[in-house]
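Examination of the molecular architecture
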Amino acid sequence: MQCKTGSKEKDGGNRFYVFMSLLVLIGRGLGVGIIFYKGMDATVGTAFEENYELNAMVEFEYTNWNTPGVGNLYIKNIGEDKQLIAKQIGSEQYAYSDISGTLAYVDYTNNLYIAKQGAAAIQISENVSGDGLYFSKSGRYLFFNSSLDSSQWYFYDIRNNTKGIYNDAEQNNVYIDEEREDIYYLDASSNLHKKSKGGDEKQIASNVEAYSVIDKNEVLCRLNSGNPAYVIYHARGQKIQEERIENIDDIDLLQLESSNKQKLLCFIGHSPSEPNVRHLYVKLKGQEAIKVAGNVTSYSYCEGDNSLYYLTSEQILYQLAVPKINKKYLKDRNYFIKALEDSKEIMILENCSYFKPSPNHRNIMARIQDGTLYLCRNNMKFKLASGSLQEDLFNDYVVYRTAKNEIFVQQGINNKELEALEQPILLTNQAQGDYTTSLYGKYLTYASLEGEGNEQKVIIKAYNKATGIVDVLDDANTYDKVLVNQLTYIRKLKYDEVVGAYACADYNCLVKMESDGTFRLYRDGIEQVSCMQTYEGYSRNSLMVEEGGIIAQLNPYDSYEITTVMTIGTRITLSMNGSCEVNVDGSTTYTLTPITEEVFNQRLEQQKEVEEER
C-alpha cells in the first residue's frame, strides 16, 4: 500500500520534495513500519525536468488457464520484438521503472532479479515476497520485503548495487533523500538518526514518535511525550539546535510545505482551545507559529503569486496573499502578524471538492462538485472543462478525462491572461479507462479504441509536448497484460475463451455457454434458464459485465474459476431459495468451475436420475 505524504518546494535555491510511504506491516499484533523516499535525483533534476526517453514496456502472457496467475514476462522496446525475461512468474510479482529502465521480478522460488532490455537478469536477493515490490519514483531504489518474515524490509540501490535492510521491530521509519543520498531512520528506542552518503551517522533526536524532513538539515518531530509535543531539529554539522513549537497539537506531518526563499513553514494543526478545529499556520524561523485560517482540510503555498490557497470544510477555496518576508518581519513577529491581518482573503470557488498546485507551485487547478474544472492564479479563475472525471496539472499543461471518454490537453497555461488560452487538444474520444503520467508530466499514456467492426483494436499511445502523439503499442490485446509509464492494460477476453461447460457446486447447477451466445442453466436435470447475452469483450482478469444478459467473471489470482455475476434488473440471479429470478434489489455471485463436455453430460444425466427417483 502506498500513500503520498506531502510535498515541499521549491525550484532554484529551494527544493521540491515528493514523499511516498510504503506500509511495511499491518496487523498480526506487530507495529507498522514506513519507508519514505524523496523522489528526485539527477535523472529528474531540480528544474522538474525528466531526462529520460519512454522507449520500452513490460508485457505478460499467461501460460495457461490451469496455472493460476502464472505466465511469461517480457521487455519490449517500442517498435522492436519482445525479449523473454523469465518464465513461471506471477502476474503481480514484478515492478518496472520507466526512468531507470529496470524490471524487477520474483520467480517461483522467491528469488529476486533485476533486468534491463538487452541484458541478462541479475539475482540480487533470495527469500523475497513478490507482493511488495516497489520502485522509488526516480527508479533508483527498489523496495521489497522478506517472504520468511514480513516485518523484514529492504531497499536496493540500483545505481550503486547495494542493499540496505530495515527490520520493522528495530528501525521502523526510514526516509531516503535520493538527491543527497542521506538516510534518516528511527531505531527501536525511538531515536532519530541521520546517515550521510559518506557513512557518517549521528543521532538527531530522541523520544521521537514520527517525523518529517523539512529540508537538508531540518526535521520536524512529534515526540512520544513531553510539552511541547513538536520540535524542529536543525542538524548542521555535529551541532543540533532545537526549535520548539508551542501551543499547537496534532500537526499533520503529511501536509508540510516550506519555502527557503520566504523562510516560511506552513502546516495544519489544532490549538488546545479548539481541539476539533483544523487550523492553518505559518511560521518564520525562530518565531512562534501564526494561525491564518480555521476549518482547513488542505492547502498549498504557491510561490508564483506568493499566496496560500486553502480549502475549508465548507468546501470553499480561498486565496490569501502572503507578505514578502523581510528583515523587519524576521526580527519582530508582530510586524508579520500585522501584515498578515492586512492581507485580503479572497474566495476563489464555492462547492470545491479538490484542488492541487503545479509542481513549481505557480498555478492551481480546482474542481467543483459537478466536475467543472478551473485554473486559478493571481486572484483569477478560468473554466477549463465540464464533467471532468480525472485531471492533472503540470508546469506547462493540464490534462483531463471526461465522462464521454475524451482526453484533452490544455497547453499555454502560463499565459499572462488566462482568458487568452488556446483551444485544448483532443487526444482521443475513445479512452479505455484512466490515463497515466510520468512524475512531472513529460509523458502521458493512455489506451484508445480505434477502427470499426472487426477491425477495432486498442492502441496504447503516448503524448509528449515535443513529439506529439506516438503509438506505443499498435494492438494492446496482443498481450494479456502491458505495463508502460505506470499504465497497466489488461487485454480483452474473446468470447470463444468462455464458451464451454461449467458446474456450480454452491447452487447445484450446470451451465453452458454456447458458441452462438446462448447462456443455459440446468438444475435437477431440467433447463431452467436460456437467454442470449450481449458480449463485447471483457478484461481478462475481471470480466466486466456489459449492459444486458449474463456473463462470467474471471479471477486469475486465485483459481481461474469463472463466476456468474448478476446485478440489478439486467441479469438473472441464482437465489438460494432454489428459484431463478431477476433480482432488482441487489446482486448475488456463484462460482462456476470449468468442466469437460463429457463430464457435463454425465452430471446432467445423474441430475435427471436423482430427480426421477424423487
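Above this note sits the structure.
The text that follows walks through the structure, step by step, so that each part is easy to find. (Residues numbered from 1 in each chain as written. Predicted model: local features only at pLDDT ≥ 70, side-chain atom pairs only at ≥ 80, totals over all residues. Heavy atoms only, no water.)

**Considering the overall build of the protein**
Secondary structure assignment for the protein yields 3 helices and 55 strands. Taken across its 614 residues, the protein has 56% of its residues classed as buried. A sequence separation of at least 24 residues applies to 41% of the contacts in the protein between residues at least 6 apart. Within the structure as shown, the protein displays about 27,500 Å² of accessible surface, and the carbon and sulfur contribution to it stands at 44%. (Helix = DSSP H or I, 4+ residues; strand = E, 2+ residues; numbered from the N terminus. Buried < 20%, exposed > 50% of the residue type's maximum accessible area, 1.4 Å probe, protein only. Contact = heavy atoms within 4.5 Å. Areas by Shrake-Rupley, 256 points an atom, 1.4 Å probe, with all protein chains shown as cover.)

**Some points on the sheet that holds strand β37 (residues 407–411)**
What links the strands of a sheet is backbone hydrogen bonding, and the strands pair in either a parallel or an antiparallel sense. Read across the open sheet, the 4 strands follow the order β35-β36-β37-β38; overall the sheet is antiparallel. At either margin of the open sheet sits one strand with a lone partner, and together these are β35 (388–393) and β38 (425–428). Sheet twist, expressed as the mean angle between neighbouring strand axes with direction ignored, is 20 degrees. As defined by bridge partners, strand β36 (residues 397–402) adjoins β37 across 5 bridges and the pair is classed as antiparallel. Counterpart to Tyr397 in the pairing with β37 is Gln411. (Pairing = 2+ DSSP bridges. Axes fitted to C-alpha atoms, helices over the stretch in contact; angles between N-to-C directions.)

**Some points on the pattern of salt bridges**
As enumerated under the stated definition, the model contains 20 salt bridges in all. The salt bridge involving Arg244 is made with Glu246; its shortest N-O contact spans 3.4 Å. We classify Glu246 as partly exposed; its relative accessible area is 33%. We note a salt bridge from Arg278 to Asp252, for which the minimum N-O separation is 3.9 Å. Here the residue Arg278 occupies a position in strand β25 (residues 274–284), and Asp252 occupies one in the loop between β22 (239–245) and β23 (257–259), the gap between them amounting to 26 residues. The partly exposed category is assigned to Arg278, whose relative accessible area is 28%. (Salt bridge = Lys/Arg side-chain N within 4 Å of Asp/Glu carboxyl O.)

**Quick word on the pairing of strand β15 (residues 173–177)**
The element β15 is largely enclosed, with a buried count of 5 among its 5 residues. The two faces of β15 match: Asn173, Tyr175 and Asp177 on one face and Val174 and Ile176 on the other face are all buried. Pairing geometry for β15 and strand β16 (residues 182–186), over 5 bridges, is antiparallel. Across the sheet, Asn173 pairs through a bridge with Leu186, a residue of β16.

**A closer look at the pairing of strand β11 (residues 128–135)**
The buried count for β11 comes to 7 of 8 residues, which makes it a mostly enclosed element. Inspection of the sheet shows β11 paired to strand β12 (residues 141–146) by 4 bridges, in the antiparallel sense. Residue pairing in the sheet places Tyr134 in a bridge with Phe143 of β12. Remark: 5 residues form the turn of the hairpin made by β11 and β12, two consecutive strands paired antiparallel; Gly139 in that turn has positive phi of roughly 80 degrees.

**Some details on the sheet that holds β22**
Strand order across the open sheet formed by 4 strands is β19-β20-β21-β22, with antiparallel pairing between neighbours. Single-partner strands in this sheet number two, and they are β19 (208–215) and β22. With direction set aside, neighbouring strand axes in the sheet form an average angle of 25 degrees. Here 7 bridges tie strand β21 (residues 230–236) to β22, and the two strands are oriented antiparallel to one another. Looking at β22, one finds that Ile232 is bridged to Glu243.

**Some words on the environment of Glu419**
In this fold, Glu419 is placed in the loop between β37 and β38. Among the residues examined, Glu419 registers a relative accessible area of 53% and is labelled exposed. Measuring from C-alpha to C-alpha, the distance between Glu419 and Met380 comes to 9.7 Å, with 39 residues separating the pair along the chain.

**Some points on the packing of aromatic side chains**
One pass over the full model with this rule turns up 14 aromatic pairs. Over the face of the ring belonging to Tyr374 we find Lys381, whose NZ or CZ atom lies 5.8 Å from the ring centre. (Phe/Tyr/Trp six-rings, centres within 6.5 Å; stacked < 30°, edge-to-face > 60°. Lys NZ or Arg CZ within 6 Å of the ring centre and 35° of its normal.)

**What about the nonpolar core?**
Residues Leu280, Val282, Leu308, Tyr310 and Phe336 are the most contacted members of the largest nonpolar core, which totals 24 residues. Mapped onto this core, the elements with two or more residues apiece are β24 (264–271), β25, β26 (290–293), β27 (296–302), β28 (307–312), β29 (317–321) and α2 (333–342). Sort the elements by how many residues they give to this core and α2 lands first, with 4 residues. Ignoring any residue separated from it by four or fewer positions in sequence, one finds Leu308 in contact with Cys266, Leu280, Val282, Val292, Tyr299, Ser300, Tyr301, Tyr318, Gln319, Leu320 and Val322. (Core = buried A, V, L, I, M, F, W, Y, C linked by side-chain atoms within 4.5 Å.)

**Comments concerning the environment of Cys221**
Note on placement: Cys221 falls in strand β20 (residues 218–223). Note: C-alpha distance between Cys221 and Ile232 (11 residues apart in sequence) is 6.3 Å.

**Observations regarding the environment of Gly412**
Its place among the elements puts Gly412 in the loop between β37 and β38. C-alpha separation for the pair Gly412 and Asp396, spaced 16 residues apart in sequence, amounts to 6.4 Å. In contact with Gly412, not counting residues within four places along its chain, are Asp396 and Leu421.

**Examining the side chain of Asp157**
With respect to the helices, strands and loops of the structure, Asp157 is situated in strand β13 (residues 152–157). The class for Asp157 is buried, based on a relative accessible area of 4%. For Asp157, the side chain forms a polar contact with the main-chain nitrogen of Arg159, separated by 3.0 Å. Polar side-chain contacts of Asp157 include one of 3.1 Å to the side chain of Asn160. Setting aside chain neighbours within four positions, we find Asp157 in contact with Arg140, Tyr141 and Thr162. (Polar contact = N/O pair within 3.5 Å; in protein donor to acceptor, adjacent residues only side chain to side chain.)

**Let's talk about unusual backbone geometry**
A positive phi angle, close to 55 degrees, is found at Asn127, a residue other than glycine. For Asn127, the position within the fold is in the loop between β10 (122–125) and β11. Unusually for a residue other than glycine, Asn306 sits at a positive phi of about 50 degrees. With respect to the helices, strands and loops of the structure, Asn306 is situated in the loop between β27 and β28.

**Things to note about α2**
Those residues of α2 that fall on the buried side of the exposure criterion are Phe336, Ile337, Ala339 and Leu340. Projection of α2 onto a plane perpendicular to its axis shows the buried side chains occupying an angular sector of 165 degrees, all on one side. Exposed residues pointing more than 90 degrees away from the buried face of α2 are listed as Asn334, Glu341 and Asp342. The inward-facing, buried residues of α2 contact β24, β25, β26 and α1 (327–331). (Arc of directions from axis to C-beta.)

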